[in-house]
Amino acid sequence: MIQAVFVGLLAWAQSSSNPLGWWLIREPLMAGFWVGLIYGKPVEGLIIGAAINVAFLGWNSTGGANPSDLYSAGLLGTAVAIQSNMSTEQAVVVAVSIGVIGNYAWILFMSINSMLPSIQDKYAEKGDVRGIMLIQAIPSQAVVILVRGVPAFLAAFYGPTVIDGLLAAVPAWGIAGFNTVGKVLPAVGVAMLLKYMARKDLLVFFGLGFAVSAYMGMNNLLFGAFIGAAMGYIYISLQPKEVVVNAREEDEI
Amino acid sequence: MAEKVETGVSLTQKDIEMATLRWWLMSHLSYNYQRMQAGGFASMIGPIMKKLYPDKPEEVIAGLKRHMMFFNTEPRWGAVIHGITIALEEQKAKGEDISEETIIDLKSSLMGPLAGIGDTISGALYKPVLLGICLGWASTGSFLGPLVFAIGMLGYDYTITRLSIRKGYQLGTTAVTTILEGGLFKKLTTFFSIMGLFVLGIMVCKFITVDVALQTVVAGKKIVFKELFDQIVPKALPLALTIVSWRAIMKGYRVINVLLCLFAFALIGGALGIIK
């Protein structure tokens, strides 16, 4: 009970819409750690959160077409998984499913908040700066508690029982399929990221990274980042002045 | 000194720092469909308007009203707009001929392009690379993952916001031309793209752990398909799944549908023992 209350509070802080919430709690990696701490298993929480996070690598905060909600997936996915002793693969599936429902919390937050600018307008008419700032800061927090905190508490409290019941009803081959889903879903995260990063002329570096890892078994990402940075630096240094090249091409045409 | 008193109030370094802090903490607090970050912008600039017009409440009201208009940009790089706006408001208060339309036009014409730049660098390049590295640590249970991520993101977030506002304030409108047309942005995105794509290639192998499970017996000989694939292209299945999903998203299929297809594929494949 107390733990579920803490999960609810965490959900509030996570969605309080400021850099502290974004970078200290929002990402499933962070949320997993905090939830793990609440249930006395910080390392397990971290590992589950990280696994969930991979499926959300391409999640973008600009409010585009995110198939699943990052906030609730990481936080509640870990909260349920850690209580039900799930494998990380199962946790990913549960988390992504929770996030699909969680998307509505974001829409609710944005919609209810849409009443606020009109109140701020009234304060602007009076030249009341403090009033504008208070409306900016306070009422939306109540909205967050309502659309995020309370559902999170309920999910953390009742979720494991429901999920345990569901899992008990699934036959062995279903569980095998379920686990495979958890191993496949990260492909969506990587694919979404590829959509944002890929440039035709630079795609060869993606292939290079894959080849180095697949054939040599090298999967140290920090090492990869250093090599990637070095290649990026060399590539930029070797590039001719673009403006001149373009001008010539146009001349020839 | 005497000249400054005559021409109105000058803003200090501290005013800019406080405005930065207000924006940094408050930009999205009441984020909404109606006007997005308008309330955040007004909260950022409100106290500055009060300082600029100590005994002209009607000017404060006019200022608050024009900054309660629809506003939405990437909060870090886009804060260049805030710096420029503060500079313009300061000059306007000092009696320079700057119309309200100039300020409003400037804000609404710059918020889009700067959001594009900011979202690319922050959301599509810097964060994923840092996140990828930290996830590598975290998946082995190392607390270095969350620690480095938190410091890396908070530090980046505040530093870029602060620099953007300062540069915007110092350089005025020329700041944006430098950012938008200068080669720096292009170089930065190329650099991060190469680094990011290389790391992403490794992530395919590291994080997508599905494999071929199929095996069969032909003429008394057991054939394990995974071993066959591994001799040609190891990790071919994760790569294929990634490429197919990516192409589907690029072709305009909704991500949720791609997700559901993968879900069904994995569920059936796993249940039948073809993949594991």
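The structure displayed is predicted, hence computed values, not measured ones.

What counts and what doesn't
- The numbering scheme is per chain: residues are counted from 1 as the chain's sequence reads.
- Here every chain gets a letter starting at A, and every ligand a number starting at 1, in the order they are written.
- Residues qualify for local features only when their pLDDT is at least 70, as the model is predicted, and side-chain atom pairs are given and counted only at 80 or more; totals for whole chains, interfaces and linings, by contrast, use all residues.
- Remark: hydrogens and water are excluded; side-chain values derive from all non-hydrogen atoms of the structure.
- Counting from the N terminus, the helices are DSSP H or I runs at least four residues long and the strands are E runs at least two residues long.
- UniProt positions are given in the numbering used here, feature names are shortened, and annotations may be inferred rather than shown by experiment.
- The term disulfide is used for any two cysteine sulfur atoms that are within 2.5 Å.
- Relative accessible area decides the class of each residue, using a 1.4 Å probe on protein chains only: under 20% of the type maximum gives buried, over 50% gives exposed, and in between gives partly exposed.
- As defined here, a cavity is a set of points on a 1 Å grid over the protein atoms alone where a 1.4 Å probe fits but cannot get out. A pocket is an open set with protein on both sides within 12 Å along at least five of seven lines, and residues line them when an atom is within 4 Å of a point.
- Grid points are joined across faces, edges and corners, and a volume is the space filled by probe spheres set on the points.
- The nonpolar class holds Ala, Val, Leu, Ile, Met, Phe, Trp, Tyr, Cys and Pro. Asp, Glu, Lys and Arg form the charged class, and all remaining residues, Gly among them, are polar.
- Every residue is assigned a pLDDT by the predictor, reflecting its confidence on a scale from 0 to 100.
- Residue contacts follow a heavy-atom distance rule, with two residues in contact if any of their heavy atoms lie within 4.5 Å.

Peer 1: I would appreciate a short explanation of unusual backbone geometry in the present structure.
Peer 2: Glycine aside, negative phi is the norm for most residues, and most peptide bonds take the trans geometry. Phi at Ser17(A) takes a positive value of approximately 60°, unusual for a residue other than glycine. Within the secondary structure, Ser17(A) sits in the loop between α1 (2–14) and α2 (19–26). Backbone geometry places Lys235(B), a non-glycine residue, at a positive phi of 65°. Assignment of secondary structure puts Lys235(B) in the loop between α10 (225–232) and α11 (236–250).

Peer 1: Just checking my understanding: could you explain the UniProt feature "transmembrane region" (unreviewed entry) in chain B for this structure?
Peer 2: According to UniProt, the feature "transmembrane region" (unreviewed entry) maps to residues 129–156, 191–220 and 255–275 of chain B in the numbering used here. Annotated as residues 129–156 of chain B, this span is 82% helix and 0% strand, and its ends, taken at the C-alpha atoms, are 13 Å apart.

Peer 1: How should the state of the cysteines be read in this particular structure?
Peer 2: One way to say it: the disulfide is the covalent bond shared by the sulfur atoms of two cysteines. All names here are of chain B. Overall, the coordinates contain 0 disulfides over all chains when judged by the stated rule. Here Cys134 stays free of any disulfide, with the sulfur of Cys205 as its closest cysteine sulfur at 20 Å. By relative accessible area, Cys134 is classed as buried at 0%.

Peer 1: Please explain empty space enclosed by the protein as it appears in this structure.
Peer 2: The gaps of empty space that remain are located by a probe, the size of a water molecule, rolled over the atoms. Per the counting criterion, the structure on display carries 3 cavities of 30 Å³ or more. Of the volumes computed, that of the largest cavity is approximately 90 Å³. What lines the largest cavity is Ala55(A), Phe56(A), Gly58(A), Trp59(A), Asn66(A), Pro67(A), Ser68(A), Val96(A), Val188(A), Met192(A) and Leu259(B). Looking at the lining of the largest cavity residue by residue, the class counts come to 8 nonpolar, 3 polar and no charged. Counted as a void, the second largest cavity has a volume near 50 Å³. Lining the second largest cavity are Ser15(A), Ser17(A), Tyr71(A), Trp106(A), Phe109(A), Val144(A) and Arg148(A).

Peer 1: Got a minute to help me understand the confidence of the model for chain B in this structure?
Peer 2: All names here are of chain B. When pLDDT is averaged along chain B, the result is 87; 94% of the residues meet or exceed 70. When pLDDT is averaged over each element of chain B, helix α7 (residues 144–171) comes out on top at 94 and helix α1 (residues 2–7) at the bottom at 48. Taken together, the stretch residues 1–6 has pLDDT below 50 and engages in 1 contact with residues farther than four places along the chain or on a different chain.

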